[in-house]
Amino acid sequence: MTHSSPGAERLSALMARGTAFLGSDSAILCGAMSWVSERNLVAAVSNAGAFGLIAAGAMPPALLDAEIAATRALTGRPFGVNLITLHPQLSELIDICGHHQVSHIVLAGGLPPAGAIERIKGIGAKLICFAPALALAKKLIRSGVDALVIEGSEAGGHIGPVATGVLAQEVLPAVAAEVPVFVAGGIGRGSAIAAYLEMGAAGVQLGTRFACATESIAHPNFKKAFFRANARDAVASVQIDPRLPVIPVRALKNAGTEAFAAKQREVAAALDAGEVDMAAAQLQIEHYWAGALRRAVIDGDVEQGSLMAGQSVGMVTREEPVAEIVATLLAEAGAALAGR
C-alpha cells in the first residue's frame, strides 16, 4: 500500500493484523466462488496485493492438484484454498494442499468434521472457518481455528440467516481480540471496509465485486446479468421441505430459481421413499448447485443456470481489472478514514 495520506496510513495500521496473518499487502480476501475462483482470478487477486482463494467446491483431488499447480505458475504471492466440509474426499483434498504447501485453508459449509482441524494443522496450514453465530465463533476458536470469516445474509451463494452489520456488532467485540476476524457479505465499497476495520475486523472478504473482473473467466452473459442487476434482484432461495435442511443460496432471480424449488421437492420425495439418506440428499442438492452454477458461469445460460450474487451486485456496473478494483476499494477506505 502506498503511504501517501493520513487515511492510507490509518488504513494500513488497521489492516496490519490481517495482512500479517495472510502475508498479503491488503487484508482483502476474494471469496471463493465455484467455477469463478480458479487460477486466473485467484492469481490476479494475489498479484494485486489482496488474497485469492481457489474454490475447490466439488473438485476431485486430481483436479485440485492441477489447479493449485496452475495458480502457482501465475503468482508467487500467497493464496489459499477453500474446501467444503461436505466433500466425501475432504482428507485427500487436505493432503493435496499439504503436498503443495498451501499456506491457508478455508473450511466452508458447516462445522469441521472430526479430525479435519488436526489434519490441516498437521500440514502446517493456517485454518480459517465461517462463523454464522457468536456461539459457533467461540466453539471454533476453542477447537483451534486460526481465523474466522463472519458472513452476513447479504452475501451471494450459501448464506446464513443474520445480516452482516448485526453479526459484526455481535461477534467482533467478543472475539476479535482472540483471532483475526474477516467480515463478509454485502461489501461493495471501501467506506464499508473502513467501518468494519474500525469495529475491530482484521480485514474483509468480497466475492460479488470480483466476479466480473476482467480476469474472471465467467461468461460474458453472466457478467452482463450482474451489470444489469439491482440489489433487490439477488434473492435467497426458499426451503420447500422442513425435513430437508437446505442452506439458503442467494442468486439473481431467473427460471433456475424456480427449477431449484422443483429439485428440492424431488429430493424430499426420494428421502420420504427411503431411496436416499439425509447426507446423500444434501449432497444431491450440493451437486445440483455446482451444475446450475457451471451452466451460468461457463456456458452462459443465464436463464436456467444459477447466477449466485450478493446484494452488492448493484454496485458492480462494468468489467474492470482486479488491480483497479483493489486500488479503488483501498482509496475509498483511506478517504473514508481520513474524513473521520
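We now turn to the structure provided with this report. This is a predicted model, so every value here is computed, not measured.

1. Quick notes on empty space enclosed by the protein
Line of reasoning, step 1. Applying the stated rule across the entire model yields one cavity of 30 Å³ or more.
Line of reasoning, step 2. Residue lining of the largest cavity: 13 residues in total, with Ala251, Gly256, Thr257, Trp289 and Ser306 positioned closest to the centre.
Line of reasoning, step 3. At the level of elements, strand 10 (234-236), strand 11 (249-252) and helix 11 (255-272) are the ones that each hand at least two residues to the lining of the largest cavity.
Line of reasoning, step 4. When its residues are assigned to classes, the lining of the largest cavity shows seven nonpolar, six polar and no charged.

2. What about the packing of helix 11 against helix 12 (residues 278-297)?
Line of reasoning, step 1. Between helix 11 and helix 12, the shortest axis-to-axis distance is 10 Å and the interhelical angle comes to 160°. Put simply, helix 11 runs roughly antiparallel to helix 12. Helix-helix and strand crossings are classified by hand; for helix 11 and helix 12 the assignment is right-handed. On helix 12, the residues touching Gly256, Ala259, Phe260, Lys263, Gln264, Val267 and Leu271 of helix 11 are Met278, Ala281, Gln284, Ile285, Tyr288 and Trp289.
Line of reasoning, step 2. For the contact of helix 11 with helix 12, a count of residues per class yields nine nonpolar, three polar and one charged.

3. Structural notes on the sheet that holds strand 11
Line of reasoning, step 1. Overall, antiparallel pairing links the three strands, which are arranged 7-11-10 in an open sheet. For this open sheet the edge positions go to strand 7 (157-158) and strand 10, each flanked by a neighbour on one side alone.

4. Some details on the pairing of strand 8 (residues 181-184)
Line of reasoning, step 1. The alternating pattern of strand 8 places Val181 and Val183 and Phe182 and Ala184 on opposite faces, both of which are buried.
Line of reasoning, step 2. As paired strands, strand 8 and strand 9 (residues 203-206) are joined by three bridges and run parallel to one another. The partner of Phe182 across the bridge, within strand 9, is Gly203.
Line of reasoning, step 3. Handedness of the crossover is the feature at issue here: the chain leaves strand 8, passes through helix 8 (residues 190-198), returns alongside strand 9, and the resulting connection is right-handed.

Cut-offs applied
Residues numbered from 1 in each chain as written. Predicted model: local features only at pLDDT ≥ 70, side-chain atom pairs only at ≥ 80, totals over all residues. Heavy atoms only, no water. 1 Å grid on protein atoms, 1.4 Å probe; cavity = no way out; pocket = protein on both sides within 12 Å on 5 of 7 lines; lining within 4 Å. Points joined across faces, edges and corners; volume = space filled by probe spheres on them. Helix = DSSP H or I, 4+ residues; strand = E, 2+ residues; numbered from the N terminus. Nonpolar A, V, L, I, M, F, W, Y, C, P; charged D, E, K, R; others polar. Axes fitted to C-alpha atoms, helices over the stretch in contact; angles between N-to-C directions. Parallel < 35°, antiparallel > 145°, perpendicular 65-115°, else oblique. Left-handed = near helix turned anticlockwise from the far one by under 90°. Contact = heavy atoms within 4.5 Å. Pairing = 2+ DSSP bridges. Buried < 20%, exposed > 50% of the residue type's maximum accessible area, 1.4 Å probe, protein only. Right-handed = clockwise from strand over helix to strand, strands pointing away.

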